[in-house]
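Each chain is listed here by its residues.
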Amino acid sequence: SHYIRFCSEFGFEAFPDMATLRSFCREEDLNPFSAVMESHQKCPDGNAKILAYLAQHYRYPVSMEKLVHVSQLLQVDAIRLGVEHMRRHRGRCMGAIYWQLNDCWPGPSWSSIDYFGRWKALHYAARRFFAPVFLSACDEGPVMTLSLSNETLSEIEGTIEFGVSDRSLDVIHSETRPYRLPALSARDLAVFDAGPYLDGKERTRFFWYRILSGDGGPTPRTAVLVVRPKHFDFADPGIQCRLVQEEGFMRLVLESASFAKGVRVGFDGLEADLSDNYVDLCGDVVEIQVRPHDPSVSIETLASALRVLSVRDLDREGASACRISIESAMTLPRN
């Protein structure tokens, strides 16, 4: 491992949103190796590098839209792993800045916000892995070391939870640990060997962790696969999407019947700001605030335009089948 005192300008490229690509590209040129696409790629062999890392970790996507999706997940994986590692070694490493924030023109790049201000998966993820109180896992095979980072000016205390579930979200094993952590510090809280609970079923079981209570919590579960995503046997996630009209925004509530990784929410032909996106559904209900750029858009129109993609869809035609409903804010319970 590399132990760094301060790291700046480390990055990984990803393609921007399809709407951004279409701003300069005809449909027949939506290919990473077309002349138009290559002219907008300013990293030598940049597209080839994205595809090389894709081959290591994910199944090959069947469309340009899904290539965009998985490139953004790869970007998250690369930056998150670096930031988590550096945060676990606070005291030796005192800062990390990824390259880059935004773009001066449209195209594939290292940015987390594209030329038109559309957020890539990385920008949503950065809000999570740069959270002042943050739990991470260093995985070495099935052995997981859980570390908590506290970037606040106060001592914090609470409880973490971790365990193993199968793809149907049945919990095979779980444990809790209390924590008390001084201000401006990081500490390993637990070392857990998930091997006995994976029981040779690494393709259908996964490790997870979360802050259960206290400062920074509760947080949704974070999933860790022991095999690479391309080898995990994802089941039909059975995603349910509930849209609720609130004052000034709409609330999208996501849950699933089985584990879903890298779930992206989008709206065909509509632009909207989302409070979160590219999430894993591993047993928790996830709520996302949706603010359409056109305030006159009805909740019915938004529901009809809703489209959901997950890692399971990469090598399949179409998107994840999901049940969409519209509910009253008065009847839908909050978590």
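Residues numbered from 1 in each chain as written. Predicted model: local features only at pLDDT ≥ 70, side-chain atom pairs only at ≥ 80, totals over all residues. Heavy atoms only, no water.

1. Digging into the overall build of the chain
Heads up, the rule is: Numbering goes from the N terminus for both helices and strands, where a helix is a DSSP run of H or I of at least four residues and a strand is a run of E of at least two. Each radius of gyration reported is based on C-alpha atoms, and the globular scaling rule is 2.2 Å times the count of residues to the power 0.38. Relative accessibility under 20% of the residue-type maximum defines a buried residue, over 50% an exposed one, and the middle range a partly exposed one, all with a 1.4 Å probe and only protein chains included. Two residues qualify as a contact provided that any one of their heavy atoms is within 4.5 Å of a heavy atom in the partner residue. Residue exposure ignores everything except the shown protein chains as possible cover, and the areas themselves are Shrake-Rupley values with a 1.4 Å probe. Asp and Glu are treated as the negative residues and Lys and Arg as the positive ones, with His and the ends of the chain left uncounted. Taken as the charge centre is NZ of Lys, CZ of Arg, CG of Asp or CD of Glu, depending on the residue.
Along its length, the chain carries seven helices and 17 strands. Rg of the C-alpha trace for the chain: 20 Å, near the compact-globule value of 20 Å for 335 residues, within the 12% margin. Each of the three principal axes of the chain carries a C-alpha extent, and together these read 55 × 50 × 45 Å. By residue count, 51% of the 335 residues in the chain fall in the buried class. A separation of at least 24 residues holds for 65% of the contacts in the chain among residues at least 6 apart in sequence. Of the roughly 15600 Å² of accessible surface on the chain, 50% is carried by carbon and sulfur atoms. Across the chain, the 37 positively charged side chains and the 45 negatively charged ones have centroids separated by 3 Å.

2. So, the sheet that holds strand S14 (residues 279-281)
Stated precisely, the cut-off is as follows: At least two DSSP bridges between two strands are required for those strands to pair. Lines fitted to the C-alpha atoms define the axes, with helices restricted to the stretch that makes contact. Angles between their N-to-C directions range from 0 to 180 degrees.
Strand order in this open sheet of three strands is S14-S12-S16, and the pairing throughout is antiparallel. Of all strands in the sheet, those bounded by a partner on one side alone are S14 and strand S16 (306-309). Within the sheet, the average angular offset between the axes of one strand and its neighbour, ignoring direction, is 40°. Across four bridges, strand S12 (residues 260-267) lies against S16 in antiparallel orientation. Across the sheet, Phe267 pairs through a bridge with Leu306, a residue of S16. Its contacts with the sheet put helix H4 (residues 64-88) on S12 and S16, and the angle it makes with S16 is roughly 60°.

3. Some remarks on the side chain of Arg264
Spelled out, the test is: Think of a polar contact as two N or O atoms within 3.5 Å of one another; within protein, one of them needs to be a possible hydrogen donor and the other a possible acceptor, and neighboring residues in sequence only count if both atoms come from side chains.
Mapping Arg264 onto the fold places it in strand S12. For Arg264, the side chain forms a polar contact with the side chain of Asp17, separated by 3.0 Å.

4. With respect to unusual backbone geometry
Of note, the bond from Trp99 into Gln100 is cis; its omega dihedral lies within 30 degrees of zero at 15°. As for its placement among the helices and strands, Gln100 is situated in the loop between strand S2 (96-98) and helix H5 (121-129). Positive phi, normally seen in glycine, also occurs at Glu9, with a value near 60°. One can find Glu9 in strand S1 (residues 7-10). Its relative accessible area of 60% is what places Glu9 among the exposed residues.

5. Digging into the pattern of salt bridges
We apply this condition: Any carboxyl oxygen of Asp or Glu that lies within 4 Å of a side-chain nitrogen of Lys or Arg is treated as forming a salt bridge with it.
All chains considered together, the criterion is met by 21 salt bridges. Overlapping salt bridges bring together Glu161, Arg210, Arg221 and Asp284 as one network.

6. A closer look at the packing of aromatic side chains
As a reminder, the rule being used: Pairing of aromatic side chains here covers Phe, Tyr and the six-membered ring of Trp, requires ring centres within 6.5 Å, and sorts the geometry by plane angle: under 30 degrees stacked, over 60 edge-to-face, intermediate tilted. We count a charge as sitting over a ring when the NZ of a lysine or the CZ of an arginine lies within 6 Å of the ring centre and within 35 degrees of the ring normal.
This model, assessed by the stated rule, comprises 15 aromatic pairs. Ring plane angle 80° and centroid distance 5.3 Å describe the contact between Phe12 and Tyr53, whose orientation is recorded as edge-to-face. Here the residue Phe12 occupies a position in the loop between S1 and helix H1 (18-22), and Tyr53 occupies one in helix H3 (residues 46-57), the gap between them amounting to 41 residues. A cation sits over an aromatic face here: Arg221 above Trp208, 4.7 Å from the ring centre.

7. Regarding the packing of H4 against H5
Where we set the bar: Comment on the angle field: the value is read as roughly parallel under 35 degrees, roughly antiparallel over 145, roughly perpendicular from 65 to 115, and oblique elsewhere. The hand of a helix crossing depends on one turn: near helix anticlockwise from the far one by less than a right angle means left-handed, and clockwise means right-handed. In the scheme used here, Gly and all other residues not listed as nonpolar or charged are polar, with Ala, Val, Leu, Ile, Met, Phe, Trp, Tyr, Cys and Pro taken as nonpolar and Asp, Glu, Lys and Arg as charged.
As a packed pair, H4 and H5 sit with axes 9 Å apart at the nearest point and diverge in direction by 20°. On the basis of the axis angle, H4 is roughly parallel to H5. Once H4 is placed against H5, the crossing between them reads as right-handed. Along the contact surface, H4 presents Gln72, Gln75, Val76, Ile79, Arg80, Val83 and Arg87, while H5 presents Ala121, Leu122, Ala125 and Phe129. A per-class count over the contact of H4 with H5 returns seven nonpolar, two polar and two charged.

8. Some details on the pairing of strand S10 (residues 239-245)
For S10, the buried fraction is high: five of the seven residues fall into the buried class. Examined bridge by bridge, S10 and strand S17 (residues 322-327) share six bridges and lie parallel to one another. Pairing of Arg242 across the sheet is with Ser325, part of S17. Judged from the six bridges that link them, S10 and strand S11 (residues 250-255) form a sheet pairing that is antiparallel. Within the sheet, the bridge partner assigned to Arg242 lies in S11 and is Val253. Linking two consecutive strands that pair antiparallel, namely S10 and S11, is a turn of four residues; a positive phi of about 90° is found at Gly248 within it.

9. Describing a nonpolar patch on the surface
The condition that has to hold: For patches, a residue must show more than 30% relative accessible area and have no salt bridge; joins then use 9 Å for like charges and 5 Å for nonpolar side chains, namely Val, Leu, Ile, Met, Phe, Trp and Tyr.
Taken together, Trp105, Tyr115 and Phe116 make up a surface patch of nonpolar side chains, about 310 Å² in accessible area. Following the sequence through the fold, Phe116 ends up in the loop between S2 and H5. For Phe116, a relative accessible area of 43% gives the class partly exposed.

10. Quick look at H5
Burial within H5 is extensive, with seven of its nine residues counted as buried. Of the residues making up H5, those classed as buried are Ala121, Leu122, His123, Tyr124, Ala125, Ala126 and Phe129. Considering only its buried residues, H5 is in contact with H4, S2, strand S3 (133-140) and strand S13 (272-274).

Everything listed here is a matter of geometry and, on its own, says nothing about what the molecule does.
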